[in-house]
There are 2 protein chains.
Amino acid sequence: MTSTRKSNAGTPRPRRRTTTGRTRRSVVASAEPQRPDRRKDILLSAEALFAERGYAAVSVRDIAARAGVPVALVGYYFGRKQELFDTVFEHRRAYIAERIERIRAVDCSPTNHNAVEELVRAWAEPVIRLRASDSGEAFSLLVARTAWDPGPEATGIIERFYDPLALAFVDAMAEALPGCPRARILWGYEYALGSLLMYVADKRVERLSGGELASADPALCDDFVRFVGAGFRAFCSA
Amino acid sequence: MTSTRKSNAGTPRPRRRTTTGRTRRSVVASAEPQRPDRRKDILLSAEALFAERGYAAVSVRDIAARAGVPVALVGYYFGRKQELFDTVFEHRRAYIAERIERIRAVDCSPTNHNAVEELVRAWAEPVIRLRASDSGEAFSLLVARTAWDPGPEATGIIERFYDPLALAFVDAMAEALPGCPRARILWGYEYALGSLLMYVADKRVERLSGGELASADPALCDDFVRFVGAGFRAFCSA
DNA sequence: TGGCCTATTGTACGATCGTACAAAAAAGCA
DNA sequence: TGCTTTTTTGTACGATCGTACAATAGGCCA
């Protein structure tokens, strides 16, 4: 895997273009052959492959081959492999921001008796819908894969992009469950996250059910909210 | 990573010794230098490294180096890398059998009103205790790492060694929660498993709590059982 | 002592990895 | 048209990968 540990350290970073160069030929009548945006091709190819196999198990050559471009073009646009990985998450930054906003929008005052379930739904539903969409399926899988990945590239991503989300959830839940020790809520978040990642990334129910059940059915969102919500309530009323 | 996809296919398998050769010199007074059991060294080294980084991110040379042994000796005792991986799980087969037995020992008849929690405990407690022990910490981490690993070597292990455990749990829970659709129990198992793996393998609470909370504290087992048990009850009483 | 089997070692092969680099092609602009 | 800049390409380097193999060392019994 080469992972990242020692090889090729200290070499100069390559030049790269962060935007897609000059103005795209913006003729009004745009029914032309439409020169392909190969930078986007590479980005989507990387997203899909990282989601399938995880960071270390994907080679730059795999990414280039799937995008239908020569290897060197990957380095030209994105520099090193790790920078490409980071860029994939930068590119989906809006998805993360949306989840934080939805969490912050929940009324967690003592008057709201459904605050716990509303919070779990605000946190989980965007991911579950994303998983069921065409354009977001790969990224939602990638998030699970990255959360589970023990490598330094993956944990760095989680720390930078998802720790703020976790803390926003924990803060809100602490408000919704006053008197409950923060340590418990923190562990509750970990359990809930483990469940959500299984919901989104699991490929096992299909096998265990003998092919009867499908993976990541978005209709199960209500059930999921009930499961995790009940856990938090029981967890914090001891 | 080289993962496993195509390289070196069809090559003849090497000879190997499955047992540690001739009789260990069984002198009664065994205070001698004690010739080291290098096969066991390799096995434990592999277990620890696979648990830390996952199958693909560990090289045979890493394993040999940690065991203090030349590379070729790994192949001599265990053959290919994948066979070594399998052997690590074979070596811990008793741990898996113990969990199944504990699940089967739970009284799931309608007269037992604590069946759900007893079942969750029977299923989770052995892992949580193993995680806290010196001799089992690495393997309990390895199980989580393997359950999360999308590679074919890992999914093969889960299928062979852990699908029977999952089905035993689901069957027992179906008996404890009569009238609850099996599909829900199956998904509940996935959520519970996701939570347990987080409990056992998580390294994030320490960071999120600012260093106040420790990872995988076995004292939290009761809390875990309450969390997951409540989920199953709420999940199946809709 | 010599023969036999096991254990151990160093080394080498082919493949794949991430990355760099120079040269060619294409596009934009005067 | 020429000139500059961006995009594209083929290729090569050094490192690391899994694995094989011949040679050596060591224990045990006749």
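Keep in mind it's a predicted model, so treat the numbers as computed, not measured. (Residues numbered from 1 in each chain as written. Chains lettered and ligands numbered in written order. Predicted model: local features only at pLDDT ≥ 70, side-chain atom pairs only at ≥ 80, totals over all residues. Heavy atoms only, no water.)

According to UniProt, the feature "DNA-binding region" (unreviewed entry) maps to residues 59-78 of chain A in the numbering used here. For residues 59-78 of chain A, helix accounts for 80% and strand for 0%, while the C-alpha atoms at its two ends are 14 Å apart. (UniProt positions renumbered as here; feature names shortened; annotations may be inferred. Helix = DSSP H or I, 4+ residues; strand = E, 2+ residues; numbered from the N terminus.)

Looking now at the pattern of salt bridges. The tally for this structure, following the rule as stated, stands at 36 salt bridges over all chains. Across the pair B:R226 and B:D223 runs a salt bridge, and its minimum N-O distance is 3.4 Å. Of the two residues, B:R226 and B:D223 both sit in helix 11 (residues 221-235), three residues apart, roughly one turn of that helix. The exposure class assigned to B:R226 is partly exposed, which follows from its relative accessible area of 29%. A network of salt bridges, in which partner residues are shared, links A:R102, A:R121, A:E125, A:R129 and A:D222. (Salt bridge = Lys/Arg side-chain N within 4 Å of Asp/Glu carboxyl O. Buried < 20%, exposed > 50% of the residue type's maximum accessible area, 1.4 Å probe, protein only.)

With an axial shift of 0.0 Å and an RMSD of 0.0 Å, the rotation relating chain B to chain A amounts to 180 degrees. Such values leave the two copies arranged in the relation of a two-fold axis. (Least-squares fit on C-alpha atoms with pLDDT ≥ 70 in both.)

As recorded in UniProt, the sites labelled "domain: HTH tetR-type" (unreviewed entry) are residues 36-96 of chain A. This span, residues 36-96 of chain A, is 77% helix and 0% strand, and a straight line between its end C-alpha atoms measures 28 Å.

Next up on the list: the domain arrangement of chain A. Residues and elements named next belong to chain A. The assigned domain composition of chain A is domain 1 (38-89) and domain 2 (92-235). If you look at the interface, domain 1 gives 13 residues, while domain 2 gives 16 residues. Both sides together, the interface formed by domain 1 and domain 2 hides about 1300 Å², and carbon and sulfur atoms give 64% of it. Looking only at domain 1, the three residues that lose the most surface to domain 2 are E47, A51 and F89, adding up to 53% of its buried area. One salt bridge connects E47 with R92, and the closest N-O pair in it is separated by 2.7 Å. Here domain 1 is connected to domain 2 by six residue pairs in polar contact (both at pLDDT 80 or more). Elements that contribute at least two residues to the side of domain 1 that touches domain 2 include exactly helix 1 (38-53) and helix 4 (81-91). Top element by residues in the side of domain 1 that touches domain 2 is helix 1. It accounts for six residues. (Domains from an automatic or database assignment. Contact = heavy atoms within 4.5 Å. Buried area = accessible area lost by both parts, 1.4 Å probe. Polar contact = N/O pair within 3.5 Å; in protein donor to acceptor, adjacent residues only side chain to side chain.)

Residues and elements named next belong to chain A. Under the defined criterion, the tally for this structure stands at two disulfides over all chains. Disulfide pairing places C180 opposite C236 at an S-S distance of 2.5 Å. Taking the torsion about the sulfur-sulfur bond, which here is approximately -50 degrees, the covalent link between C180 and C236 counts as left-handed. Highlighted residues: C180 in the loop between helix 8 (152-176) and helix 9 (182-201) and C236 in the segment after helix 11 (221-235), separated in sequence by 56 residues. The pair C180 / C236 is uniform in exposure class, with both members buried. C236 supplies the cysteine sulfur nearest to C108, a cysteine that is in no disulfide, at a spacing of 13 Å. Take C108: its relative accessible area is 5%, and that puts it in the buried class. (Disulfide = S-S within 2.5 Å.)

This next bit is on helix 7 (residues 137-148) of chain A. Residues and elements named next belong to chain A. Taking 1.5 Å per residue, twelve residues should reach 16 Å; helix 7 reaches 17 Å between its end C-alpha atoms and fits that length. Within helix 7, nine of the twelve residues are buried, leaving the element largely enclosed by the surrounding structure. Every buried residue belonging to helix 7 is among F139, S140, L141, L142, V143, A144, R145, T146 and W148, and all of these are buried. (Expected span 1.5 Å × (residues − 1).)

A few words on the environment of A:A144. Residue and element names in this part refer to chain A. In this fold, A144 is placed in helix 7. Remark: the alpha-carbon pair of A144 and A51, spanning 93 residues in sequence, is separated by 8.1 Å. Filtering out sequence-adjacent residues up to four positions away, A144 remains in contact with L197 and A201.

This next bit is on the interface of chain B and chain A. Tallying the contact residues gives 54 residues for chain B and 54 residues for chain A. With both sides pooled, the region where chain B packs onto chain A buries about 4800 Å², and carbon together with sulfur makes up 67% of that total. Of all residues in chain B, B:W187, B:Y191 and B:F227 give up the largest surface area on contact with chain A, accounting jointly for 17% of the area buried on that side. The tally of links between chain B and chain A comes to ten salt bridges. The residue B:E190 makes a salt bridge to A:R204 at a minimum N-O spacing of 4.0 Å. Contributing elements (two or more residues each) for the side of chain B that touches chain A: helix 1 (38-53), helix 7 (137-148), helix 8 (152-176), helix 9 (182-201), helix 10 (205-208) and helix 11 of chain B. Here the residues of the side of chain B that touches chain A are counted per class, giving 33 nonpolar, seven polar and 14 charged. (Nonpolar A, V, L, I, M, F, W, Y, C, P; charged D, E, K, R; others polar.)

All names here are of chain A. Running from amino to carboxyl end, helix 1 crosses helix 7 at an angle of 45 degrees, the nearest separation of the two axes being 8 Å. Taken together, the axis directions place helix 1 and helix 7 in an arrangement best described as oblique. Relative to helix 7, helix 1 is oriented so that their crossing is left-handed. Within the contact between the two elements, helix 1 uses E47, A48, F50, A51 and E52 and helix 7 uses A138, F139, L141, L142 and R145. Along the lines of polarity and charge, the residues of the contact of helix 1 with helix 7 split into seven nonpolar, no polar and three charged. (Axes fitted to C-alpha atoms, helices over the stretch in contact; angles between N-to-C directions. Parallel < 35°, antiparallel > 145°, perpendicular 65-115°, else oblique. Left-handed = near helix turned anticlockwise from the far one by under 90°.)

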